[in-house]
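Listed below are the residues making up each chain.
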Amino acid sequence: MELGTLTREVYIEATPDVVFEVVSSPEHVKQWWPDDARYEPVPGAEGEIVFGDPAAGGTVVSFSVVEVQPPRTFSFRWTHPAGAAAVHGNSLLVTFDLTPSGSGTLLRMTETGFREQGWEAAVLEERYREHTTGWDFFLPRLVSYAADLGARR
Amino acid sequence: MSGTPARQVDDDLWSAIGDPTRRRMLDLLLQDGDGTATTLGQRLPVSRQAVAKHLGVLDRAGLVRGMPQGREKRYRVDEAQLARAIADLSSVGSAWDARLQRIKRIAETIQRTRQA
């Protein structure tokens with residue numbers, strides 16, 4: 001398996017305090033990612049994120065908080081086997097770094113882990129999303145993929 | 001879940017799904033459950049013959065399956081193949097792009113609310 005790192009940056013017209021809240025608090029996280037998020041946003045906290053309805057074929061994924069430094073850094077590990085400690089090699093590490101920029105915040109996201117694991121996690125998630133949001137959710141992504149492909153050719 | 005590499009984007013699959021008329025057809029088939037070249041043709045601004053051709057492309061890519069019905073074929077979306085296609089086409093990277101766009105939208109909305 002190959003180790004991969006993915007980095008993304010986005011400028012947000014909101015203060016680092018606000019952005020930090022959105023990327024770290026379970027109440028906000030479930031608005032932009034899983035259907036449910038259960039963890040304490042404190043270092044070392046073990047929790048889980050949920051895609052779909054666990055009683056109806058949904059899935060529960062381990063989530064473990066690594067670093068919490070408001071309003072600068074929030075990081076966590078996910079996809080490790082339930083009950084196992086999240087370490088390098090059994091999970092994906094996601095780090096959010098926040099830098100003040102003008103009247104807003106530059107948010108940088110890095111995800112590190114084995115590519116194969118990342119892909120499986122993505123498939124897992126999409127399998128459940130497909131039924132709830134269908135093309136409204138996927139089409140914009142396909143279009144951006146197309147633009148990507150066009151740029152490379 | 002098998003260990004297929006992340007970036008195996010099949011050309012047939014991509015060109016099948018890359019066409020707006022064919023995506024519209026997939027939408028209609030998902031919505032209605034199934035359809036024939038005739039029923040789809042009635043709902044799209046293209047001829048029945050063009051629809052039949054598009055269905056052929058989707059069929060070859062494995063995105064739809066046709067069952068003979070009278071002189072026509074009745075098509076359904078192969079949801080497993082569609083899910084695979086979507087998984088292949090959207091890399092882990094584009095999944096994060098979508099999440100970050102949602103983070104941006106949420107944070108900016110909160111900021112505006114607090115300033116108001």
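Residues numbered from 1 in each chain as written. Chains lettered and ligands numbered in written order. Predicted model: local features only at pLDDT ≥ 70, side-chain atom pairs only at ≥ 80, totals over all residues.

## Structural notes on the overall build of chain B
Then step 1. Broken down by element type, chain B carries 6 helices and 2 strands.
Then step 2. Along the chain direction, N to C, the helices and strands of chain B fall in the order α-α-α-α-β-β-α-α.
Then step 3. A separation of at least 24 residues holds for 50% of the contacts in chain B among residues at least 6 apart in sequence. (Helix = DSSP H or I, 4+ residues; strand = E, 2+ residues; numbered from the N terminus. Contact = placed C-beta atoms within 7 Å.)

## Considering the pairing of strand β5 (residues 73-78) of chain A
All names here are of chain A.
Then step 1. A large share of β5 lies buried, amounting to 5 of its 6 residues.
Then step 2. Of the pairings in the sheet, the one linking strand β4 (residues 59-69) to β5 comprises 6 bridges and is antiparallel in character. Looking across to β5, one finds that Q69 is bridged to T73.
Then step 3. Once β4 ends, the chain turns through 3 residues before running back antiparallel as β5. (Buried ≥ 20, exposed ≤ 12 C-beta atoms within 10 Å, placed from the backbone. Pairing = 2+ DSSP bridges.)

## So, unusual backbone geometry
All names here are of chain A.
Then step 1. At the junction of P70 and P71, the peptide bond is cis and its omega measures out at -10° in the coordinates.
Then step 2. One can find P71 in the loop between β4 and β5.
Then step 3. Although it is not a glycine, T79 sits at a positive phi angle of roughly 75°.
Then step 4. In this fold, T79 is placed in the loop between β5 and β6 (92-101).
Then step 5. The partly exposed category is assigned to T79, around which 19 C-beta atoms lie within 10 Å.

## Description of the packing of helix α2 (residues 20-32) of chain B against helix α4 (residues 48-60) of chain B
All names here are of chain B.
Then step 1. Two elements in contact, α2 and α4, have axes separated by 10 Å at closest approach and are oriented at 80°. Compared by their axis directions, α2 and α4 come out roughly perpendicular. In this structure, α2 contributes T21, R22 and M25 to the contact, and α4 contributes H54, V57 and L58.
Then step 2. A class-by-class count of the residues in the contact of α2 with α4 yields 3 nonpolar, 2 polar and 1 charged. (Axes fitted to C-alpha atoms, helices over the stretch in contact; angles between N-to-C directions. Parallel < 35°, antiparallel > 145°, perpendicular 65-115°, else oblique. Nonpolar A, V, L, I, M, F, W, Y, C, P; charged D, E, K, R; others polar.)

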